[in-house]
Structure formats: C-alpha cells, structure tokens
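Residue-level structural notes
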Amino acid sequence: MRVTVTLFARLRELAGRESLAVDVPEGATVADVWTAVGAACPGVAPFGASVSSAVNAEFARRHTVVREGDDVAFLPPVSGGAQT
C-alpha cells in the first residue's frame, strides 16, 4: 500500500524534498514508514530516535498502524527560541 510522507524542517533539508510516496505492506506502522523513508533518503535515517510523527494531522506513536492513502508526517525535535 502507498502512503504519502511529509518531512519538516531539517528532515526536509536533508532529504532534499518536502514529500515522497512510500510503499509499505498492509499492517505497517509509523515505524515501518520511517524505515522506508530512511531507505529512500539515507540522510534522515540517523534522526529516527528523535522525530515526532503524525498520521493525517494527528500526533501518532511509532506503533500506530497506517492505512492506504494516509499522510504520515515526520518532524524533528524543536529547540531554541528567544529569551525574554
């Protein structure tokens, strides 16, 4: 089955693209989708332990099962900000 993956911030820069379609087997999880993204875009693979994920704009855990046509987003950790 095919899902669309959206990458944000540093992940997008490392992958050289904002989104991609990946094929995963039925019953695949967000973790399986991340593995497929890492295979397609090796530069993002080292960030797997620290990314947040969402499925169809709802935050999701790595064990969440995805379905055909889902949009899976990966977001790197956020840091910084201005001190007041």
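In this report, the structure presented in the accompanying data block is examined. (Residues numbered from 1 in each chain as written. Predicted model: local features only at pLDDT ≥ 70, side-chain atom pairs only at ≥ 80, totals over all residues. Heavy atoms only, no water.)

1. Remarks on the environment of glutamate 18
We count it as follows: Numbering of helices and strands runs from the N terminus; a helix is a DSSP stretch of H or I covering at least four residues, while a strand is a stretch of E covering at least two. Each residue is assigned to one of three classes by its accessible area relative to the maximum for its type, calculated with a 1.4 Å probe on protein chains only: buried under 20%, partly exposed between the two thresholds, exposed over 50%. The criterion used for residue contact is that any of the two residues' heavy atoms lie within 4.5 Å.
Looking at the secondary structure, you find glutamate 18 in the loop between helix H1 (9-15) and strand E2 (19-23). Residue glutamate 18 is classed as partly exposed on the basis of its relative accessible area of 48%. Sequence spacing of glutamate 18 and alanine 57 is 39 residues, and the spatial spacing of their C-alpha atoms is 16 Å. Apart from residues lying up to four places away in sequence, glutamate 18 is in contact with Val5, Thr6, Leu7 and Arg12.

2. Describing the pairing of E2
We count it as follows: Here the rule is simple: two strands pair whenever DSSP picks up at least two bridges between them.
The side-chain alternation of E2 yields one buried face, formed by Leu20 and Val22, and one unburied face, formed by Ser19, Ala21 and Asp23. When strand E1 (residues 2-7) meets E2, the two strands line up antiparallel, connected through five bridges. Bridged to valine 3 within E2 is valine 22.

3. Focus on the side chain of threonine 6
Spelled out, the test is: Polar contacts, as used here, are pairs of N or O atoms within 3.5 Å; protein pairs need one atom able to donate a hydrogen and one able to accept it. Residues neighboring in sequence count only if both atoms are side-chain atoms.
Tracing the backbone shows threonine 6 in strand E1. One polar contact links threonine 6 to aspartate 71, side chain to side chain, over a distance of 3.1 Å. Excluding anything up to four places from it in sequence, threonine 6 contacts Glu18, Ser19, Asp71, Val72, Ala73 and Phe74.

4. Describing the side chain of threonine 29
By secondary structure assignment, the location of threonine 29 is in the loop between E2 and helix H2 (30-40). Look at threonine 29 and you get buried, because its relative accessible area is 17%.

5. Concerning the sheet that holds strand E3 (residues 52-55)
The strands making up a sheet are joined through hydrogen bonds of the backbone, oriented either antiparallel or parallel. This is how it is decided: Lines are fitted to the C-alpha atoms to define the axes, a helix being fitted only along its stretch in contact, and any angle between axes, read from their N-to-C directions, falls within 0 to 180 degrees.
Here five strands make up an open sheet; going across it, the order is E2-E1-E5-E3-E4 and the pairing mixed. With one partner strand each, in any of the chains shown, E2 and strand E4 (58-60) form the two edges of the open sheet. On average, each strand axis in the sheet is tilted by 35° relative to the strand beside it, whichever way the strands run. Pairing analysis gives three bridges linking E3 to E4, with the strands arranged antiparallel.

6. Digging into the packing of aromatic side chains
Inclusion rule: For Phe, Tyr and Trp, where Trp contributes only its six-membered ring, two rings pair if their centres lie within 6.5 Å, and the inter-plane angle classes them as stacked under 30 degrees, edge-to-face over 60, or tilted in between.
The full count for this structure, using the stated rule, is one aromatic pair. Centre to centre, the rings of tryptophan 34 and phenylalanine 74 are 4.9 Å apart; their planes meet at 70°, and the pair counts as edge-to-face. Placement of the pair is tryptophan 34 in helix H2 and phenylalanine 74 in strand E5 (residues 71-75), with a sequence separation of 40 residues. On the basis of relative accessible area, tryptophan 34 is assigned to the buried category, the value being 5%. Look at phenylalanine 74 and you get buried, because its relative accessible area is 0%.

The quantities given are spatial measurements derived from coordinates; they are silent on function.
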